[in-house]
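Commentary on secondary and tertiary structure
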Amino acid sequence: MRALVYDPHAPANLRFDEVAEPSVTESQALIEVRAIALNFGELHFIDQMRRPGEVPGWDSAGVVAQAAADGSGPPVGTRVVGFSGEAGWAQRRVVATDNLAELPEFVEFEEAAALPVAGVTALQALRALGPVVGRRVLITGASGGVGRFAVQLAARAGAHVVAAVGSPARGEGLEELGAAEVVVGLDTVTEPVFGVLDNVGGRLLAQAFSLVSDGGSVQSIGMASNEPTTINFEQERRTGNRKRLEPFTVRAPFQDDLRYLLTLLADGELDPQIGLRDSWENTAAAAQALLGRKVAGKAVLQVV
């Protein structure tokens, strides 16, 4: 079957190749893939996660071609979206049934493919902050895939959302998604926040942590800056505030969270914020656009 494979000498480190059909365990379903989504992290750090010739890809949506032998998943022909840590950018992939969710009637494959990693990450990270109703929540990297889901979900949960972006152009549309404030960088943010969802790392993470009030926390989701973070904890101690900095890791199984997000999507209460739609024939160009910060939100590709 045809698939995208990691090649450090190819444009955007990706090229097409013929690969073996995936093997299926009894608790997995075989999916005929119709759409895939690209995530900044899996492209940016692909050399650390994959060996040459391996098929990358976390997010995909499609149709069940072979149901799980143990009867735990949906039947053949069901439209589904799923997550697996590898091999998603292929004509067919396998997914554990507890990481699969059925698509509602009016949800498209492309919309659904945008949800698994970015949407579930935003949802789980927001939960980790605790109750946010009436509280200030800062989201850095708010213009990216995770960030745009986080803005919507935090606003829906009753938070006063402060969305931090890298440029005015990157902030376009965030107020419509629910952001109460859109800022470029954090130098103008002086009022404390209860929680932070940080997608950037580096110096911005240190700045964000300094803004957290007593009892609050930071969920460190990503490191788009690719820079280390230095925090002066002695200075933090002088404030008298007790607060937490936690490395966030998304947790499987995904099924329940995917079902919840799909329901919001079907009801018009969540926008997948797809900033680029194309064919997977143009994956390299899409990947370069995403890495070059030219895509607001998600990059989703149709598998043809």
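Everything that follows concerns the structure shown earlier in this document.
Residues numbered from 1 in each chain as written. Predicted model: local features only at pLDDT ≥ 70, side-chain atom pairs only at ≥ 80, totals over all residues. Heavy atoms only, no water.

Before going further, it helps to examine the pattern of salt bridges. Overall, the coordinates contain 16 salt bridges when judged by the stated rule. Ionic pairing is found between D17 and R15, a salt bridge with its closest N-O pair at 3.3 Å. The exposure class assigned to D17 is partly exposed, which follows from its relative accessible area of 32%. Overall, R15 belongs to the partly exposed group, its relative accessible area being 33%. As a salt-bridge pair, R51 and E54 come within 3.2 Å of each other at their nearest N and O atoms. On the basis of relative accessibility, which here comes to 60%, the residue R51 falls in the exposed class. (Salt bridge = Lys/Arg side-chain N within 4 Å of Asp/Glu carboxyl O. Buried < 20%, exposed > 50% of the residue type's maximum accessible area, 1.4 Å probe, protein only.)

Judged by nonpolar contacts, the single largest core of 53 residues is most densely connected at V81, L115, I139, V151, L153, L174 and L197. No other element matches the eight residues that helix α4 (residues 116-129) contributes to this core. Among all residues touching L197, those that are not within four sequence positions of it are A125, L126, L129, L138, I139, T140, A150, Q219 and I221. Counting 20 residues, the second-largest nonpolar core is a separate cluster that includes A12, L276, V295 and A299. (Core = buried A, V, L, I, M, F, W, Y, C linked by side-chain atoms within 4.5 Å. Helix = DSSP H or I, 4+ residues; strand = E, 2+ residues; numbered from the N terminus. Contact = heavy atoms within 4.5 Å.)

Below, the discussion takes up the sheet that holds strand β9 (residues 160-165). With respect to topology, six strands assemble into an open sheet ordered β10-β9-β8-β11-β12-β13, the strand pairing being parallel. In this open sheet, the two edge strands, each paired with only one partner strand, are β10 (181-184) and β13 (244-247). Geometrically, the sheet is characterised by an average inter-axis angle of 15 degrees between neighbouring strands, direction not taken into account. Sheet analysis places β9 next to β10, joined by four bridges and oriented parallel. Within the sheet, the bridge partner assigned to A163 lies in β10 and is V182. Sheet strands in contact with helix α7 (residues 202-210) are β8 (136-140), β11 (193-198), β12 (212-220) and β13, and its direction is about 155 degrees off that of β12. (Pairing = 2+ DSSP bridges. Axes fitted to C-alpha atoms, helices over the stretch in contact; angles between N-to-C directions.)

With respect to the element layout, E110 can be found in helix α3 (residues 109-113). Buried and without a salt bridge, E110 has R277 as its closest oppositely charged side chain, separated by 4.5 Å. If sequence neighbours within four positions are ignored, E110 has contacts with A35, I274, R277, V300 and Q302. (Lys, Arg positive; Asp, Glu negative; His and termini not counted.)

So, on to the packing of aromatic side chains. One pass over the structure, following the stated rule, counts three aromatic pairs. When the ring of F16 is compared with that of W280, the centres are 5.0 Å apart and the planes differ by 80 degrees; the resulting orientation is edge-to-face. Here F16 is found in strand β2 (residues 14-18), whereas its partner W280 is found in the loop between β14 (274-279) and α10 (283-291), with 264 residues between them in sequence. Given the relative accessible area of 0%, W280 is considered buried. Aromatic pair F83 and F254: ring centres 4.4 Å apart, planes at 10 degrees, arrangement stacked. Here F254 lies in the loop between β13 and α9 (255-266) and F83 lies in strand β5 (residues 79-83), a separation of 171 residues in the sequence. Here F83 matches F254 in class, with each residue buried. One residue, R79, lies across the ring of F109, its end atom 4.9 Å from the ring centre. Across the ring face of F209, the terminal group of K243 is positioned such that the distance to the ring centre comes to 4.7 Å. (Phe/Tyr/Trp six-rings, centres within 6.5 Å; stacked < 30°, edge-to-face > 60°. Lys NZ or Arg CZ within 6 Å of the ring centre and 35° of its normal.)

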